[in-house]
Protein chains: 2
Amino acid sequence: MTICCETHEKDEVELIRNALPSEDHLFELAEFFKMLGDSTRIKIICVLFHGEMCVGGIVDLLEMNQSAISHQLRILKQARIVKGRKEGKQVFYSLDDHHIKMIYEMGMEHVFERI
Amino acid sequence: MTICCETHEKDEVELIRNALPSEDHLFELAEFFKMLGDSTRIKIICVLFHGEMCVGGIVDLLEMNQSAISHQLRILKQARIVKGRKEGKQVFYSLDDHHIKMIYEMGMEHVFERI
DNA sequence: CTCTTATATGAATAGTTGTTCATATGTTCA
DNA sequence: TGAACATATGAACAACTATTCATATAAGAG
């Protein structure tokens, strides 16, 4: 179907197709953005911009269920966006990546540049 | 609960809480990243880096269902990530924002810097 | 006017995901 | 050793989302 547009010859389509990153790369990239695509996780990241914080601190700050926070922290950890440091009973989390802040800021800029 | 960490006094928690962006802002930001957090949409965006392309062209390139592509294009359009230009029977889509490319590239860098 | 082509859209469905509840693990302190 | 606390985790459920199918709209060609 859709033999469509003479402007997009098979050659051009083939050319662009070859220039595209692999399925796997694009999948991983999407997975990464998916991590940032949740209110709770963005809030956690935003909190951790201010420095490391223990789970209980995050729970208090965001006034959310401890279990919910723990689950999201595990997801962020798996994605290597945060890392945990155990100290006695507590676990202190902090950002594990220096790109996150830039990406976050650029996202903010994008979302709020238009009034 | 979680009276926890003496290191995180109520004052500090309150201080950080006040420094956080509003709920609404963080929600919108998460919504934006959610748009990038899907394989199909990332692929579409990736294709459109090469220039505008009609729906049929995208369908051919990605070898996907036309309906699926149309649905995702509508979502991307609502999020103001792409825009459409009608020309006869065809609709040509292109990126609607200059931040996207940088965010995309930074995401790629993040995902693939670690071997 | 009718047929074909390009795109859009609604409904249905299957798969995914976030939260909650209950409970487990592990650590400190008495 | 046992109680109290901080965090993690599994199961269940509700909400959301991407895809597909069927069909609608809209435009050009004959």
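Scoring rules and cut-offs
Residues numbered from 1 in each chain as written. Chains lettered and ligands numbered in written order. Predicted model: local features only at pLDDT ≥ 70, side-chain atom pairs only at ≥ 80, totals over all residues. Heavy atoms only, no water. Phe/Tyr/Trp six-rings, centres within 6.5 Å; stacked < 30°, edge-to-face > 60°. Helix = DSSP H or I, 4+ residues; strand = E, 2+ residues; numbered from the N terminus. Buried < 20%, exposed > 50% of the residue type's maximum accessible area, 1.4 Å probe, protein only. Lys NZ or Arg CZ within 6 Å of the ring centre and 35° of its normal. Least-squares fit on C-alpha atoms with pLDDT ≥ 70 in both. Contact = heavy atoms within 4.5 Å. Pairing = 2+ DSSP bridges. Lys, Arg positive; Asp, Glu negative; His and termini not counted. Salt bridge = Lys/Arg side-chain N within 4 Å of Asp/Glu carboxyl O. Polar contact = N/O pair within 3.5 Å; in protein donor to acceptor, adjacent residues only side chain to side chain.

Chemist: Hey, could you run me through the packing of aromatic side chains in this one?
Modeler: Centre-to-centre distance and the angle between the planes together describe a pair of aromatic rings. As enumerated under the stated definition, the model contains 5 aromatic pairs over all chains in all. Judged by centre distance (4.8 Å) and plane angle (75°), the ring pair of Phe49 of chain B and Tyr104 of chain B falls under edge-to-face. One end of the pair, Phe49 of chain B, is in the loop between α3 (39-48) and β1 (53-54); the other, Tyr104 of chain B, is in helix α6 (residues 99-112), with 55 residues separating them in the sequence. Per residue, the accessibility class of Phe49 of chain B equals that of Tyr104 of chain B, and both read buried. What links up through ring pairs into an aromatic cluster is the set Phe32 and Phe33 of chain A together with Phe32 and Phe33 of chain B. Across from the ring centre of Phe49 of chain A, 5.0 Å away, lies the NZ or CZ of Lys101 of chain A, which sits over that ring.

Chemist: Is there a simple way to explain the relation of the copies chain A and chain B in this structure?
Modeler: Put simply, the two copies of the chain differ by a rotation about an axis and a shift along that axis. Of the two same-sequence chains, chain A is brought onto chain B (RMSD 0.0 Å, axial shift 0.0 Å) by a rotation of 180°. Both chain copies can therefore be described as sitting about a two-fold axis. Comparing interface residues between copies, 97% of those in chain A also sit at the interface in chain B, which points to an isologous, same-surface contact.

Chemist: I would appreciate a short explanation of the sheet that holds β1 of chain B in the present structure.
Modeler: Each strand in a sheet pairs with another by means of backbone hydrogen bonds, the pair being arranged parallel or else antiparallel. All names here are of chain B. An order of β1-β3-β2 is seen for the 3 strands of this open sheet, with the pairing classed as antiparallel. Looking along the sheet, the strands with just one partner apiece sit at the ends: β1 and β2 (82-87). Pairing analysis gives 2 bridges linking β1 to strand β3 (residues 90-95), with the strands arranged antiparallel. Across the sheet, residue Met53 finds its bridge partner in β3, namely Tyr93.

Chemist: Honestly, the side chain of Arg41 of chain B in this entry has me stumped. Any pointers?
Modeler: Residue and element names in this part refer to chain B. Here Arg41 lies in helix α3. Within the buried set, Arg41 has no salt-bridge partner at all; the shortest N-O distance to an opposite charge, 4.2 Å, is to Asp38. Among the polar contacts listed, one links the side chain of Arg41 to the backbone oxygen of Lys34, at a separation of 3.1 Å. Each residue touching Arg41, except ones within four places of it in the same chain, is listed here: Lys34, Met35, Gln72, Ile75 and Leu76.

What is shown is where atoms sit, not what they do.
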